[in-house]
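# Remarks on the overall topology
Residue-level listing of the chains:
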Amino acid sequence: DNVTDLSTYGLDHPRLHLIIDFYDPNIALGGNNLPATTTTLDFIWGNELEDGKIAFMRTGESSVYSMDASFLSTFKEVATPFNLSSKFIELPNINDVKAIDVAYADATYHLDVDEANTKYALNNKSIEKDAFKALYRSVIGIYAEIEVDEKSTNTTPEVTITYTMHDGSTQVATFMEATSNQYYQTVLNGSMIVGCSKTQLSNLKTTLD
């Protein structure tokens, strides 16, 4: 208790800093706003001690505790940015979407979305609400399966999905040939190079057809 010198425990330069934000799932969200944080847990871990223990504490407090250090190596392998991220490449709110364009090398598809009036069309042909919702889930359901270690130099998209919003802005997902023939390469969360299996995109084309 009452620790003033964190360096004794390696907590001045933590090996792991974990922040967990909690929110109330019963509070409705507006638009694309993130939920308000209701509680935060903030912990740091420092040096390994005797008997396989590791020092840790709640950030900002003065009591240092110890726990079994074996969890750390496993946790660091699991808690990578890729593993902790949502894997969906683009996940716009349907209420914000005006149109979707899906372009393959040999075919293009245009979806008109009027969620307010429950009117939908694919290539200018009207489709029923239930059929469209299933189709929409297929489009936004494209997800990253792996993090790519070796980035491909190919910059020509094989598939492009463009969401046009009511405010005129766009969200675009492009899929290029990857170094592995099994995947298309794309970007997740604006920073991670990831792979989506070609099967996902071919299944989407089948659904659109």
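Right above here is the structure, for reference.
Residues numbered from 1 in each chain as written. Predicted model: local features only at pLDDT ≥ 70, side-chain atom pairs only at ≥ 80, totals over all residues. Heavy atoms only, no water.

### Some remarks on the overall build of the protein chain
Along its length, the protein chain carries 4 helices and 13 strands. Here the C-alpha radius of gyration of the protein chain, 23 Å, is well above what a compact globule of 209 residues would show, namely 17 Å. Taking all 209 residues of the protein chain together, the buried fraction comes to 33%. Pairs at least 24 residues apart make up 50% of the contacts formed inside the protein chain by residues separated by at least 6 positions. Taken as a whole, the protein chain presents about 12,700 Å² of accessible surface, with 48% of it coming from carbon and sulfur. Between the mean site of the 14 positive side-chain charges and the mean site of the 29 negative ones, the protein chain shows a separation of 8 Å. (Helix = DSSP H or I, 4+ residues; strand = E, 2+ residues; numbered from the N terminus. Rg over C-alpha atoms; globule rule 2.2 N^0.38 Å. Buried < 20%, exposed > 50% of the residue type's maximum accessible area, 1.4 Å probe, protein only. Contact = heavy atoms within 4.5 Å. Areas by Shrake-Rupley, 256 points an atom, 1.4 Å probe, with all protein chains shown as cover. Lys, Arg positive; Asp, Glu negative; His and termini not counted. Charge placed at Lys NZ, Arg CZ, Asp CG, Glu CD.)

### Quick look at the sheet that holds strand β11 (residues 170-177)
Read across the sheet, 9 strands follow the order β8-β7-β6-β5-β10-β11-β12-β13-β9 without closing on themselves; strand pairing throughout is antiparallel. Each of the sheet's edge strands pairs with one partner strand only, and the pair in question is β8 (125-127) and β9 (146-147). As paired strands, strand β5 (residues 97-104) and strand β10 (residues 157-165) are joined by 7 bridges and run antiparallel to one another. Residue V97 lies in a different strand from β10, and its bridge partner there is M165. Taken strand by strand, helix α4 (residues 198-208) contacts β5, β6 (108-114), β7 (119-122), β10, β11, β12 (183-188) and β13 (192-197), and its axis lies near 55° from that of β13. (Pairing = 2+ DSSP bridges. Axes fitted to C-alpha atoms, helices over the stretch in contact; angles between N-to-C directions.)

### A word on unusual backbone geometry
Residues apart from glycine generally show negative phi values, whereas peptide bonds are mostly found in trans. The phi dihedral of N2 is positive, around 55°, even though this residue is not glycine. If you trace the backbone, N2 turns up in the segment before β1 (16-23). You can call N2 exposed: its relative accessible area is 64%. Backbone geometry places D51, a non-glycine residue, at a positive phi of 60°. D51 sits in the exposed class, given a relative accessible area of 73%.

Fair warning: the whole summary comes from geometry, so function is off the table for now.
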